[in-house]
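Letter by letter, the chains look like this.
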Amino acid sequence: MTERAYQQCVNPTCATTYGVDEIHVACAKCGSLLDIQYDWNRLAIPKSLSSFESRWSTNGLDLEGRLNFSGVWRFRDLMPFYRSEDDIVTIGEGRTMLQQADILARHLGMGARSLFLQYEGLNPSGSFKDNGMTAAFTHAKMVGAKKVACASTGNTSASLALYASLAELTGIVFIGSGKIAFGKLSQALDYGAITLQIKGDFDACLHRVREIATDHPELGIYLMNSVNPFRLEGQKSIMYRVLEGLNWEVPDWIIVPGGNLGNCSAFGKAFIELKALGLIDRIPRLAVINARGANTLHQLFSVRGLKWNDGHVDHDSINQYYGELNEAGYHAHTIASAIEIGRPVNLVKSLRALDAMNGITREVSDDEILEARAMIARWGFGCEPASAAGIAALINLLGDGTIGKSERVTCILTGHELKDADATVRYHTGIDMKSAQDHATKFPVTGRLANQPIRVGDSVEDIVAALNM
Ligand code: F0G
């Protein structure tokens with residue numbers, strides 16, 4: 001490869017490379033995940049992380065100003081996969097904050113200036129997904145995609161729908177029936193995405209959308225899930241902003257909820273690169289938190305001992321585990337619907353992140369998640385249930401001494417509280433808004449821009465027929 005940026009298979013025995021102008025959602029040779037790699041000898045490496053601060057003062061209406069305004073593209077030198085800055089699709093994402101959460105820290109028995117909350121719910125679509133979507137849409141624009149699709153537990157679909165409408169692309173989202181919080185469903189409909197409600201859960205939806213994107217090239221559908229390596233490039237910026245919020249000091253711990261495991265994988269890649277470029281001198285530890293009802297990573301990594309092993313991951317033990325789940329008729333189930341995922345597609349990359357960041361995994365119950373969510377809302381700002389899994393686990397990690405009370409901890413709050421207001425109302429009043437809606441009066445749908453979800457069976461034929469393409 002003579003390119004400055006290229007795609008590369010993460011499997012070290014394959015390591016096939018592809019140009020950044022190609023569209024792949026997996027290695028064409030061996031089926032493994034792909035990464036974006038850079039030839040840093042041919043790129044300008046930032047002298048220091050603090051050099052990015054000069055961009056704070058230059059955010060105007062011209063292209064450079066708009067890129068500097070974005071909390072993702074302000075760091076574009078650390079994700080230079082685009083051909084030209086004109087390719088970049090930005091809507092001002094990533095202007096999120098790191099809150100020093102001293103009151104919450106006190107309630108957890110931690111010292112002052114120990115606990116920090118990175119509020120990714122403050123993104124334009126209300127979740128961290130916008131960090132990745134801006135990068136994936138940039139790539140979609142580079143390759144001339146016209147239709148973009150994803151499977152989603154809700155937030156990816158909201159983010160995709162928003163970017164698709166502003167980039168004037170056709171957005172198609174696959175969601176499980178009755179599986180996503182209303183705040184997220186309302187966004188996908190409102191932003192005008194074709195919304196397919198598949199009979200099945202997230203794992204089924206992702207399987208189908210991958211099938212449609214790969215096996216039906218005639219449909220020309222560009223896949224936006226986190227198997228898309230460009231998305232994870234954008235999500236690295238969450239870590240850059242955490243460092244920025246700490247005045248470029250490295251915290252002791254990063255705690256993040258794990259669903260499809262794209263975010264934690266991106267964090268690992270961010271720190272591996274920053275260390276290799278000499279921009280940081282140490283890497284924080286990582287804790288990836290599963291909901292107990294969707295605990296594949298925790299089971300495989302902490303219980304069964306699956307490791308990165310320099311990229312030589314033991315796929316037989318993964319397949320055996322999934323075989324056991326199939327035999328038991330297992331489907332993930334948790335109140336934290338955003339992370340209700342049984343077969344996380346970025347599993348292998350998450351093992352790399354855990355390896356590089358001396359990481360751990362934990363699982364937390366739905367009750368622990370709901371209590372932690374309420375604590376964050378009471379003494380922080382709000383977040384949705386999945387985001388609170390990190391604080392729920394932190395309570396346990398402080399309790400068993402894994403994390404010391406004066407260590408510096410950053411929890412990533414991945415989604416806004418208003419995404420899942422039902423969960424909050426139910427916690428405080430006992431009223432289940434979702435079932436109330438089932439029995440509620442139905443008004444005729446007469447809105448000029450009404451965009452009703454389409455219910456379809458879990459089969460490629462039904463989906464293609466519904467898309468009418
Ligand atoms: N938190 C929230 C609020 C999420 O929406 C998700 C994932 C996660 C955490 C987990 O992140 O997948 O990178 O490990 N939501 C995806 C979706 C799956 O479709 O919106 P992850």
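Preceding this section is the structure that the text describes.
Our subject in this report is the structure included herewith. If you're wondering where the values come from, they're calculated on a predicted model, not measured in any experiment.

Turning to the packing of helix 4 (residues 155–167) against helix 5 (residues 182–190), a few remarks are in order. Following both chains from N to C, one finds helix 4 and helix 5 inclined at 25°, their axes separated by 8 Å at the closest point. One finds that helix 4 runs roughly parallel with respect to helix 5. Along this stretch, helix 4 crosses helix 5, giving a crossing that reads as left-handed. Between helix 4 and helix 5, the residues in contact are Asn155, Ser157, Ala158 and Ala161 and Lys184, Gln187 and Ala188, respectively. Residue composition of the contact of helix 4 with helix 5, by class: 3 nonpolar, 3 polar and 1 charged.

A separate point is the packing of aromatic side chains. This model, assessed by the stated rule, comprises 11 aromatic pairs. Seen from their ring centres, Phe81 and Tyr82 are 6.1 Å apart, and the 70° between their planes marks the pair as edge-to-face. Side by side, Phe81 and Tyr82 carry an identical accessibility label, which is buried. Seen from their ring centres, Tyr119 and Phe381 are 4.7 Å apart, and the 45° between their planes marks the pair as tilted. One end of the pair, Tyr119, is in strand 5 (residues 115–119); the other, Phe381, is in the loop between helix 13 (366–379) and helix 14 (385–399), with 262 residues separating them in the sequence. In this arrangement the basic side chain of Arg95 is found over the ring face of Phe69, its NZ or CZ atom lying 3.8 Å from the centre. The ring of Tyr322 is capped by Arg343, whose NZ or CZ atom sits 5.3 Å from the centre of that ring.

Among the 21 residues in the neighbourhood of the ligand, the closest are listed as Thr153, Gly259, Asn260, Leu261 and Thr414. Here an oxygen atom of the ligand and a backbone polar atom of Gly259 are 2.7 Å apart. Ala338 places a polar main-chain atom, nitrogen or oxygen, 3.5 Å from a nitrogen atom of the ligand. Here the ligand loses 99% of its free accessible area of 470 Å² to cover by the protein chains. Listing elements by their share of the shell around the ligand, those giving two or more residues are helix 4 and helix 9 (262–276). Here the residues of the shell around the ligand sort into 7 nonpolar, 12 polar and 2 charged.

Procedures and definitions
Residues numbered from 1 in each chain as written. Predicted model: local features only at pLDDT ≥ 70, side-chain atom pairs only at ≥ 80, totals over all residues. Heavy atoms only, no water. Axes fitted to C-alpha atoms, helices over the stretch in contact; angles between N-to-C directions. Helix = DSSP H or I, 4+ residues; strand = E, 2+ residues; numbered from the N terminus. Parallel < 35°, antiparallel > 145°, perpendicular 65-115°, else oblique. Left-handed = near helix turned anticlockwise from the far one by under 90°. Contact = heavy atoms within 4.5 Å. Nonpolar A, V, L, I, M, F, W, Y, C, P; charged D, E, K, R; others polar. Phe/Tyr/Trp six-rings, centres within 6.5 Å; stacked < 30°, edge-to-face > 60°. Buried < 20%, exposed > 50% of the residue type's maximum accessible area, 1.4 Å probe, protein only. Lys NZ or Arg CZ within 6 Å of the ring centre and 35° of its normal. Near = heavy atom within 4 Å. Polar contact = N/O pair within 3.5 Å; in protein donor to acceptor, adjacent residues only side chain to side chain. Areas by Shrake-Rupley, 256 points an atom, 1.4 Å probe, with all protein chains shown as cover.

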